[in-house]
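If you want the building blocks of each chain, they are given just below.
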Amino acid sequence: MYRKELYAFEGDKPIPVVIRNYQIEDFPRLIQIQQECFPPPFPSELWWNEMQLKNHVTLFPEGALCVEVDGKLAGSMTSLLVDFDPNHPDHSWEVITDNGYIRNHKQSGNTLYVVDISVRPKYRKLGLGKWLMFSMYDVVVHKGLTRLLGGGRMPGYHKVAKELSPEQYLDAVVSGTMKDPVITFLLRCGRTPVKVVPNYLDDEESRNNGVLLEWKNPFIWNEFKK
């Protein structure tokens, strides 16, 4: 099981933080986090439900992490293992995550795939999302996996969709001439783009596109020379 103790900072003030695996007793608070992170008009049926959470802690407990601030649950991150073929990268979030139920989790998979990351709005200035991501990198290294991979929304794209293709928008974000709330955050976490995937998820702001971003395990760099 995983447990990391550290300090996040609110300005110059150190705040004690614990990142650990979430458990059954955390389910009500995890659902509350989803409600705070995705308020109406976001469909409530897309929040985590207890069956999904039970699958997370049963099928792949190593990939079910939460973060506590002063003993209060402030965010979570969920993943599963898949076999990813870089030569055939296109997929949808619903298919690769089993719509969040992760019943397709493959214990022998080569890739840690991010299902979800959520941090309560009141705690977002502490950088907890970045710490959760770094903790998932720990899991990648510990299990000897090739990479962490996941699709990111591009919620700023709809503002320029008439002028730029999704790929041009991603290039602008990577070059620093534009900033996207999600993609820029993931770049700051050390992730690098693989490609834009059309019809990745039902998201009007992203025009249904997602950006696959990976973090390669630096201890098995030879895997990427193939």
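Right above here is the structure, for reference.
In this text the structure is predicted, and so the values were computed from the model without any measurement.

Caption draft 1: Fine view of the pairing of strand 2 (residues 13-21). Relative to strand 2, strand 1 (residues 3-10) runs antiparallel, the two being bridged by eight bridges. Across the sheet, the residue bridging to Leu-6 is Val-17, located in strand 2. Once strand 1 ends, the chain turns through two residues before running back antiparallel as strand 2, passing Gly-11 with a positive phi of about 65°. As paired strands, strand 2 and strand 3 (residues 64-69) are joined by five bridges and run antiparallel to one another. Opposite Ile-19, over in strand 3, you have Val-67 as the bridge partner.

Caption draft 2: Seen up close, the sheet that holds strand 8 (residues 210-216). A sheet is described by the order of its strands in space; here eight strands give the open sequence 1-2-3-4-5-6-8-7, paired in mixed fashion. Pairing within the sheet leaves two strands with one partner each, and these edge strands are strand 1 and strand 7 (192-197). Ignoring which end each strand starts from, the neighbouring axes of this sheet average 25° apart. Across the sheet, helix 1 (residues 27-37) lies against strand 2, strand 4 (72-82) and strand 5 (111-119), angled at about 95° from strand 4, the strand it touches most. On top of the sheet, helix 5 (residues 166-175) reaches strand 7 and strand 8; it is set at about 160° to strand 7, its chief contact.

Caption draft 3: Here's a closer look at the side chain of Asp-203. Position of Asp-203 relative to the elements: it lies in the loop between strand 7 and strand 8. The buried category is assigned to Asp-203, whose relative accessible area is 9%. Beyond its immediate sequence surroundings of up to four residues, Asp-203 is in contact with Arg-153 and Asn-208.

Caption draft 4: Structural context of the nonpolar core. Core analysis: the biggest nonpolar cluster contains 63 residues, and Val-17, Tyr-22, Val-69, Leu-112, Tyr-113, Leu-128 and Leu-148 have the highest contact counts within it. A total of seven residues in this core trace back to one element, the largest contributor, which is helix 4 (residues 128-142). In this structure Leu-112 touches Phe-60, Ser-79, Leu-80, Leu-81, Met-136, Val-139, Val-140, Leu-145, Arg-147, Leu-148 and Leu-149, once residues within four positions along its chain are discounted.

Thresholds applied
Along each chain, the written sequence defines residue order, and numbers are assigned to residues from 1. Local features in this predicted model are restricted to residues of pLDDT 70 or higher, and side-chain atom pairs are both shown and tallied only at a pLDDT of 80 or more, whereas totals for entire chains, interfaces and linings draw on every residue. Think of the side-chain values as coming from all heavy atoms in the structure, minus any hydrogens and water. Here, a strand pair is defined by DSSP locating no fewer than two bridges between the strands. Each helix is a run of H or I in the DSSP string that is no shorter than four residues. Each strand is a run of E no shorter than two, and both are numbered from the N terminus. Simply put, an axis is a line fit to the C-alpha atoms, just over the touching stretch for a helix, and the angle between two N-to-C directions goes from 0 to 180 degrees. Any two residues whose heavy atoms approach within 4.5 Å at even a single point are treated as in contact. Whether a residue is buried, partly exposed or exposed follows from its accessible area with a 1.4 Å probe, protein chains only, as a fraction of its type maximum: under 20%, in between, or over 50%, in that order. Residues grouped as a nonpolar core are buried Ala, Val, Leu, Ile, Met, Phe, Trp, Tyr and Cys residues, joined through side-chain atoms within 4.5 Å.

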